[in-house]
Amino acid sequence: MSTFEVLSRFGTLALIRHAVTVLLFLLLHLVRIPVVLVARVIEGVMGELDRYATAQASREPRGPINQFFPHESTKEARHA
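An account of the accompanying structure is given in this report. (Residues numbered from 1 in each chain as written. Predicted model: local features only at pLDDT ≥ 70, side-chain atom pairs only at ≥ 80, totals over all residues. Heavy atoms only, no water.)

**Some remarks on the overall build of the protein chain**
So, step 1. The secondary structure content of the protein chain amounts to 3 helices and 0 strands.
So, step 2. Tracing the protein chain from N to C terminus, the helices and strands come up as α-α-α.
So, step 3. Residue burial in the protein chain is summarised as follows: out of 80 residues, 2% are buried.
So, step 4. Element-wise, carbon and sulfur atoms account for 67% of the exposed surface of the protein chain, whose accessible area totals about 7,800 Å². (Helix = DSSP H or I, 4+ residues; strand = E, 2+ residues; numbered from the N terminus. Buried < 20%, exposed > 50% of the residue type's maximum accessible area, 1.4 Å probe, protein only. Areas by Shrake-Rupley, 256 points an atom, 1.4 Å probe, with all protein chains shown as cover.)

**Some details on the pattern of salt bridges**
So, step 1. By the definition in use, this model includes 1 salt bridge.
So, step 2. Across the pair arginine 51 and glutamate 48 runs a salt bridge, and its minimum N-O distance is 2.6 Å. With a gap of 3 residues between them, arginine 51 and glutamate 48 both fall in helix α2 (residues 12-58), about one helical turn apart.
So, step 3. For glutamate 48, a relative accessible area of 48% translates into the label partly exposed. (Salt bridge = Lys/Arg side-chain N within 4 Å of Asp/Glu carboxyl O.)

This is the structure:
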């Protein structure tokens, strides 16, 4: 069905409503593209931060964990 057939069968108002609907559909998709790109960037950064935090939390401790009492392998603990 051509534009002129739609115009003659349904009238000018129907043709305008259809055109506005199509334009709104295109506009929403154009607005959606940057939002999706930002979401993908945030997802990638969060994944890297998660990997970094997991690696940090999975490491063996470098020194004694208990900071309030001397460690058993030190001199102070053996002589106390």
